[in-house]
Amino acid sequence: MKKITFALLVTIISCTTSHLPSPVQVSQSSNLITDGKLYTAVFQQRAAEYRALCFQAFNIARLRLDEALQNKTGRPMAVITDIDETILDNSPYAVHQALQGKDYDQSVWNNWSDLSKADTVPGSATFLKYAASHGVEVYYITNRGENEKMNTLLNLQKFNLPDADSLHIFLKQTTSSKESRRQMVMDNHDVVLLLGDNLGDFSSLFDKKTEDIRLQNANTSYVEFGKRFIVLPNPGYGDWESSMFSYNYYTPAQKDSVIRKLLKNFR
């Protein structure tokens, strides 16, 4: 049996691993928050299951819209939708932050939204265009800031989304609650569907509520989900996360500590 020299061994290893991608440089200060957001971004960007969940949500939305079109009230019909992680996919921003070991940062977020480069959530553009083709107006209610208005509209217009104009977008003013903005649309329209990834996109029952109350209100509102409320998957962020921290602005390390205490283990 011939001896394998060290040089030959190195050559063999090099040949067998040359197809692997180069490692991405990541921060050493990673924890459940930054690592978790990176992993959920991988799910959002790569998983066929994520795409299927989005298609499922918009397929149900189309069925409900068709039902509503058969029972018109005489008032103008409308759909209210959130933007981020409902219509636009911001996972590249999450990846950027996580690879640096950082959580949400408003200034970096502004840099991202200024680019108007977010792709659409699977199925969202097709559904909104279908609604518009049947005379249903689309209203975008978002907690993006007023300073993001122009570039947000440019991002929506890039995909020729309907009603992507100043009259149909309501940005955050003084409060993150969307209730008053929803009411402005409901005052003059028959709002047949609400689309969102965060329960606050649907009702004030979920505004700044504790985890327990959010769960209770989700239980009592169960008939609305898939009927009038269409929920898109977003495991990366939202009030489900903020409620764990009682809406405090914790550091990633502090959030990590809280999560580890809350997690259920089988031992």
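Values in this document were obtained by computation on a predicted structure and should not be read as measured data. (Residues numbered from 1 in each chain as written. Predicted model: local features only at pLDDT ≥ 70, side-chain atom pairs only at ≥ 80, totals over all residues. Heavy atoms only, no water.)

A. Highlighting the overall build of the chain. Looking only at helices and strands, one finds 11 helices and seven strands in the chain. Taken over 267 residues, the chain has a buried fraction of 43%. A separation threshold of at least 6 residues defines the contact pool for the chain, and within that pool the share at least 24 residues apart is 77%. Surface accessibility of the chain: about 15,500 Å² in total, with carbon and sulfur atoms responsible for 56%. (Helix = DSSP H or I, 4+ residues; strand = E, 2+ residues; numbered from the N terminus. Buried < 20%, exposed > 50% of the residue type's maximum accessible area, 1.4 Å probe, protein only. Contact = heavy atoms within 4.5 Å. Areas by Shrake-Rupley, 256 points an atom, 1.4 Å probe, with all protein chains shown as cover.)

B. Representation of the pairing of strand 1 (residues 77-81) in the model. In terms of burial, strand 1 is largely enclosed, as five of its five residues are buried. Here strand 1 shows a buried face lined by Met77, Val79 and Thr81 and a second buried face lined by Ala78 and Ile80. Across five bridges, the pairing between strand 1 and strand 6 (residues 190-196) is parallel. The residue of strand 6 that forms the bridge with Val79 is Leu193. The sheet contact formed by strand 1 and strand 4 (residues 137-145) spans four bridges and is parallel. Counted as the bridge partner of Ala78 is Glu137 from strand 4. (Pairing = 2+ DSSP bridges.)

C. The pairing of strand 6, seen in detail. Among the seven residues in strand 6, seven count as buried, and that is most of the element. In this structure, strand 6 lies alongside strand 7 (residues 229-231), joined through three bridges in parallel fashion. When the bridges of strand 7 are listed, Gly196 appears paired with Val231. The handedness of the strand 6 to strand 7 crossover, carried by helix 9 (residues 211-220), is right-handed. (Right-handed = clockwise from strand over helix to strand, strands pointing away.)

D. Geometry of the side chain of Arg214. Mapped onto the elements of the fold, Arg214 is located in helix 9. In this structure, Arg214 is buried with no salt-bridge partner, the nearest side chain bearing the opposite charge being Asp239 at 4.9 Å. Not counting residues within four places of it along the chain, the set of residues in contact with Arg214 comprises Asn198, Leu199, Phe206, Lys209, Asp239, Trp240, Ser243 and Tyr247. (Lys, Arg positive; Asp, Glu negative; His and termini not counted. Salt bridge = Lys/Arg side-chain N within 4 Å of Asp/Glu carboxyl O.)

E. Focus on the packing of helix 2 (residues 32-46) against helix 3 (residues 48-69). Contact geometry for helix 2 and helix 3: axes closest at 5 Å, N-to-C directions at 70°. Judged by the inter-axis angle, helix 2 sits roughly perpendicular to helix 3. In this structure, the crossing between helix 2 and helix 3 has a hand that is right-handed. When helix 2 is examined against helix 3, the residues Phe43, Gln44 and Arg46 are found in contact with a partner set consisting of Ala48, Glu49, Tyr50 and Leu53. (Axes fitted to C-alpha atoms, helices over the stretch in contact; angles between N-to-C directions. Parallel < 35°, antiparallel > 145°, perpendicular 65-115°, else oblique. Left-handed = near helix turned anticlockwise from the far one by under 90°.)

F. How the structure looks around the sheet that holds strand 1. Ordered by their spatial adjacency, five strands build an open sheet running 5-4-1-6-7, and the pairing between neighbours is parallel. Every other strand in the sheet has two partners, leaving strand 5 (169-172) and strand 7 as the edge strands with one partner each. Geometrically, the sheet is characterised by an average inter-axis angle of 20° between neighbouring strands, direction not taken into account. With respect to the sheet, helix 7 (residues 149-158) is in contact with strand 4 and strand 5, its orientation differing from that of strand 5 by roughly 135°.

G. A look at the nonpolar core. In terms of nonpolar packing, the biggest core is built from 38 residues, with Leu65, Phe127, Tyr140, Leu156, Leu193 and Leu195 touching the most fellow members. With near-sequence residues (within four places) excluded, Leu195 lies in contact with Phe58, Ala61, Val79, Ile80, Thr81, Asp82, Thr86, Phe127, Leu128, Asp201, Phe202 and Ile230. Judged by nonpolar contacts, the second largest core, of 12 residues, contains Ile80, Ile141, Phe170 and Leu199. (Core = buried A, V, L, I, M, F, W, Y, C linked by side-chain atoms within 4.5 Å.)

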